[in-house]
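# Reading the structure
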Amino acid sequence: MAPSLDSWAKQNVHKGTPVVVKMENLNWSMLELESPSDEDIFPAGAPAAGEGAAPERTRNKNAKQLTWVLLLRAHRAAGCLASMAAAFLGLASAVRRRVAAGRTDNDVSEASRRGGGVRESPTLKARFYTCTKVFLWLSIVLLGFEVAAYFKGWHYGAHNVELQHLLATSFSVKGVFDRLYSKWVSIRVEYLAPPLQFLANACIVLFLIQSLDRLVLCLGCFWIKFKNIKPIPKEDASVDVESGEKGYFPMVLVQLPMCNEKEVYQQSIAAVCNLDWPKSKLLIQVLDDSDDPTAQSLIKEEVNKWQQEGARIVYRHRVIREGYKAGNLKSAMNCSYVKEYEFVSIFDADFQPAPDFLKRTVPHFKDNDELGLVQARWSFVNKDENLLTRLQHINLAFHFEVEQQVNGVFLNFFGFNGTAGVWRIKALEDSGGWLERTTVEDMDIAVRAHLHGWKFIFLNDVEAQCELPESYEAYRKQQHRWHSGPMQLFRLCLPAIIKSKISIWKKFNLIFLFFLLRKLILPFYSFTLFCIILPMTMFVPEAELPAWVVCYIPATMSFLNILPAPKSFPFIVPYLLFENTMSVTKFNAMISGLFQLGSAYEWVVTKKSGRSSEGDLLSLVEKETKHKRGNSAPDLEALKEEISRQEKKASRKKKHNRIYTKELTLAFLLLTASARSLLSAQGVHFYFLLFQGISFLLVGLDLIGEQVE
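Residues numbered from 1 in each chain as written. Predicted model: local features only at pLDDT ≥ 70, side-chain atom pairs only at ≥ 80, totals over all residues. Heavy atoms only, no water.

Scanning all chains against the criterion turns up 27 aromatic pairs. With centroids separated by 6.3 Å and ring planes inclined at 5°, the aromatic side chains of Phe-400 and Phe-458 adopt a geometry described as stacked. A residue pair is termed long-range when its members are at least 10 positions apart, and Phe-400 in helix H12 (residues 387–410) and Phe-458 in strand S10 (residues 455–466) qualify at 58 residues. On the basis of relative accessibility, which here comes to 1%, the residue Phe-400 falls in the buried class. Look at Phe-458 and you get buried, because its relative accessible area is 4%. Every member of this aromatic cluster is reached through a ring pair, and the members are Phe-351, Trp-378, Phe-400, Phe-413, Phe-414, Phe-416, Trp-423, Phe-456, Phe-458, Phe-490, Phe-514 and Phe-515. Here the guanidinium or amino end of Lys-519 rests over the ring plane of Phe-514, the centre of that ring lying 4.3 Å away. (Phe/Tyr/Trp six-rings, centres within 6.5 Å; stacked < 30°, edge-to-face > 60°. Helix = DSSP H or I, 4+ residues; strand = E, 2+ residues; numbered from the N terminus. Buried < 20%, exposed > 50% of the residue type's maximum accessible area, 1.4 Å probe, protein only. Lys NZ or Arg CZ within 6 Å of the ring centre and 35° of its normal.)

Here you go:
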């Protein structure tokens, strides 16, 4: 019997919510139906359940309506599955193209060595890669072994290993597989499980200590917000003769170190030249360490252009380029005219400070002779460019708003960020100046200044715009330098910290919290616990990790980390997985820095794209108009077209995406362990291992960050 749609169409009163059925096939017609309302399901006057049956006609009508609704829901589910299938097919296509390209991170290392780049330690890379491959192949063999045992009915979990039952059976009636599996169970119970469980427990303790540290930092940040605590500079009623403005206007030196920065040199030089400060009390040093003649000529020409506009700016290029950025800054501070200046502000080549940057930072030094550094936070012009930049923004937002703000308020100490800060030159000289002994010269000078009694201030409400690395290759190299350098510095500074005259609490903070907990323990337990121990417990179930270690505490810590960037909350799960994935690079860098291996001295300038927001361009144009009296105003559209042309030119020179062997190997290890976890029905462990393995797979195939068409 066909559905009585005519009876529905003749009704004058529409009941329920209209539902539109759209079919993909054009030969089908479109019908507007109505979903059943409460009155359709329970008509007025119908007896309740148990009191009698409803009329047959009403029951048939309701059954037909419910059938159509269920069909609609099935159609939506089918559409969702189709979209998921299309997404997986697209991912598979991208993987196939990436594998066909055949470019690995090993090829990059070889190319950089042939091109004169810094030689990375081949021994460390070979050993690390060999260890991960051994774990992978061992896990694959054990997975096959456990699957065979599973189908024989031996379902042994962590708490019900029936070793006695296996050993009680006579060896004469056992097969070869039975003997091998019995021997394997006895080996893992007696020899493998105890040390693995001990290592797991040790990592859990470190994990809890680090989580407690994060929680304390978050509580400190909440207290700062609740009490509205922030540094306030002292007002100065004196008037500057040149500008006619009230305020504190000492002599300030601005340094702009750069090296082959063809993408960003124009906007950074323009930004510092438009700083709102009396001209006679401001000098800009462009410290060019470029070895590319084209970059040198472009930067020098830009400096000459601003000199003609009346800016006090000089160009310096070193003949002997030693010591990277630290050597560059040290050479600039040796100039004779630096003695005339009281403060120095440093900006990396991709930074664009606002015109009022100095007016909001330098006044904090007035009548505060113990203050050595005022640090501003970073903001990012490309934080929404791709998934990689979004995840970086979460990390850095927590670093600035929580770590540095809390340490600045309660300890008057934090690590200098290397840029967007103002130093008292006397503090630099008192601390020994810039040293080239590590790749983190900014952290080095901050630690030495702290040991000499200088105090720091962090301004969370003063920002300087910059760029985030948009490719995984650039981000990976940056993180390697940021995590190997602190371990180098720890080895060098430990004797000085112990012998210093600072308080016991400050020594504890430097040694345990600043260096060991946040620079060494964090990458160690993150890699060891979640990338090695967790998958191995799937094959040695006698050693186990509780669900709260695998799921609940990491989720809570990720939630706390994402609070300073609430708009990034939808990315909380990718953030958790990506942080564990990056632990491979951070662990490798930490080991190389701690043991002074070759890659610890590697310095690669982070690739930049030269992005600038329209608001920055407008502010620069307005500022330029003030300095160009009598001249025509610059053409904003021409300026934007020039920057767009440079971006397109840079995009044509993008490198090919790479394949990262260590990340791929760990991806297969974790996916193999997730398959093993199904045999013991460990739900939380399975999902964590599955998604973590997929995360490693995406990163290993360089499918996160900047993509090349």
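Two elements, strand S7 (residues 352–353) and S10, share two bridges in a ladder whose sense is antiparallel. Following the sheet pairing, Pro-353 is matched in S10 by Ala-464. (Pairing = 2+ DSSP bridges.)

Next up on the list: helix H16 (residues 504–539). Here H16 spans only 45 Å end to end across 36 residues, well under the 52 Å set by a 1.5 Å rise per residue. The axis of H16 is deflected most strongly, by about 50°, at Leu-516. When you tally the buried positions in H16, you get 27 out of 36 residues, the bulk of the element. (Expected span 1.5 Å × (residues − 1). Bend = angle between axes of the 7 residues up to and from the residue.)

Strand order in the open sheet formed by eight strands is S5-S4-S3-S6-S9-S8-S10-S7, and the pairing between neighbours is mixed. Whereas interior strands pair on both sides, the edge strands pair on one side only; in this sheet they are strand S5 (313–317) and S7. The sheet contact formed by strand S3 (residues 252–258) and strand S6 (residues 343–346) spans four bridges and is parallel. Each bridged residue has a counterpart across the sheet, and for Leu-253 the counterpart in S6 is Val-344. In the packing of helix H10 (residues 324–333) onto the sheet, the strands contacted are S3, strand S4 (282–288), S5 and S6, and the crossing angle to S3 comes to about 145°. With respect to the sheet, H12 is in contact with strand S8 (371–380) and S10, its orientation differing from that of S8 by roughly 155°. (Contact = heavy atoms within 4.5 Å. Axes fitted to C-alpha atoms, helices over the stretch in contact; angles between N-to-C directions.)

This part takes up the pairing of S4. Among the seven residues in S4, seven count as buried, and that is most of the element. Of the two faces of S4, the one lined by Leu-282, Ile-284, Val-286 and Asp-288 and the one lined by Leu-283, Gln-285 and Leu-287 are each fully buried. Looking at chain direction, S3 and S4 are connected through seven bridges and run parallel. Across the sheet, the residue bridging to Gln-255 is Gln-285, located in S4. Crossover connection from S3 via helix H8 (residues 265–273) to parallel S4: handedness right-handed. In terms of strand pairing, S4 meets S5 through five bridges, oriented parallel. Paired with Val-286 across the bridge in S5 is Tyr-315. As a crossover connection, the stretch from S4 through helix H9 (residues 293–308) into S5 is right-handed. (Right-handed = clockwise from strand over helix to strand, strands pointing away.)

Right, let's talk about the confidence of the model for the protein chain for a bit. A residue-level look at the protein chain finds 71% of positions with pLDDT of 70 or above and a mean pLDDT of 79. A low-confidence stretch, residues 1–17 stays under pLDDT 50, and its non-local contacts, those more than four residues away or across chains, total 17 contacts. Overall, residues 19–46 carries pLDDT values under 50, and its contacts beyond four positions in sequence, including any with other chains, amount to 41 contacts. (pLDDT = per-residue confidence, 0-100.)

Bringing the packing of H16 against helix H22 (residues 683–700) into the picture now. Direction vectors running N to C along H16 and H22 enclose 135°, while the axes themselves pass 11 Å from each other. With respect to H22, the element H16 is oriented oblique. In terms of crossing hand, the pair formed by H16 and H22 is left-handed. Residues Phe-530, Cys-531, Leu-534, Pro-535 and Met-538 of H16 form the contact with H22, whose own contacting residues are His-685, Phe-688, Leu-689 and Phe-696. (Parallel < 35°, antiparallel > 145°, perpendicular 65-115°, else oblique. Left-handed = near helix turned anticlockwise from the far one by under 90°.)

Attention now goes to the pattern of salt bridges. Following the criterion strictly, the structure yields 21 salt bridges and no others. The salt bridge involving Glu-473 is made with Lys-477; its shortest N-O contact spans 3.4 Å. Of this pair, Glu-473 and Lys-477 are both found in helix H15 (residues 472–499), four residues apart, which corresponds to roughly one turn of the helix. Salt bridges here are not isolated pairs; linked through shared partners, they connect Lys-225, Arg-377 and Glu-401. (Salt bridge = Lys/Arg side-chain N within 4 Å of Asp/Glu carboxyl O.)

If a residue is not glycine, its phi is most likely negative; likewise, a peptide bond is most likely trans. Its identity is not glycine, yet Asn-412 carries a phi of approximately 55°, on the positive side. Counting through the fold element by element, Asn-412 comes out in the loop between H12 and strand S9 (421–424). The phi dihedral of Asp-702 is positive, around 60°, even though this residue is not glycine. Structurally, Asp-702 is set in the segment after H22. Assessed through its relative accessible area of 4%, Asp-702 is described here as buried.

What follows covers a nonpolar patch on the surface. Among the surface-exposed residues, Phe-222, Trp-223, Phe-226, Ile-229 and Phe-410 lie close enough to one another that they form a single nonpolar patch of about 550 Å² accessible area. Note on placement: Trp-223 falls in helix H7 (residues 176–227). (Patch = residues over 30% accessible without salt bridge, like charges linked within 9 Å, V, L, I, M, F, W, Y side chains within 5 Å. Areas by Shrake-Rupley, 256 points an atom, 1.4 Å probe, with all protein chains shown as cover.)

A word on the environment of Tyr-150. Assignment of secondary structure puts Tyr-150 in helix H5 (residues 122–151). Tyr-150 sits in the partly exposed class, given a relative accessible area of 32%.

The next subject is the UniProt feature "transmembrane region" (unreviewed entry) in the protein chain. Following the UniProt record, the feature "transmembrane region" (unreviewed entry) maps to residues 74–95, 134–151, 198–224, 510–539 and 685–704 here. Summarising residues 198–224: 100% helix, 0% strand, and an end-to-end C-alpha distance of 39 Å. In the segment residues 510–539, helix accounts for 100% and strand for 0%; the C-alpha atoms at its two ends are 40 Å apart. (UniProt positions renumbered as here; feature names shortened; annotations may be inferred.)

The element H8 is largely enclosed, with a buried count of eight among its nine residues. Every buried residue belonging to H8 is among Tyr-265, Gln-267, Ser-268, Ile-269, Ala-270, Ala-271, Val-272 and Cys-273, and all of these are buried.

This part is about the side chain of Gln-285. Within the secondary structure, Gln-285 sits in strand S4. In terms of polar contacts, Gln-285 uses its side chain to reach the side chain of Tyr-337, at 2.8 Å. Residue contacts for Gln-285: discarding those within four places in its chain leaves Leu-253, Val-254, Gln-255, Leu-256, Val-314, Arg-316, Ala-332, Cys-335, Tyr-337 and Val-338. (Polar contact = N/O pair within 3.5 Å; in protein donor to acceptor, adjacent residues only side chain to side chain.)

The subject of this paragraph is the nonpolar core. In this structure, Ile-269, Ile-313, Trp-423, Val-447 and Phe-456 are the most contacted members of the largest nonpolar core, which totals 83 residues. Element by element, the count of residues in this core is highest for S10, at seven residues. Residues contacting Val-447, with those up to four places away along its chain left out, are Phe-413, Leu-489, Cys-493, Leu-510, Phe-514 and Phe-515. (Core = buried A, V, L, I, M, F, W, Y, C linked by side-chain atoms within 4.5 Å.)

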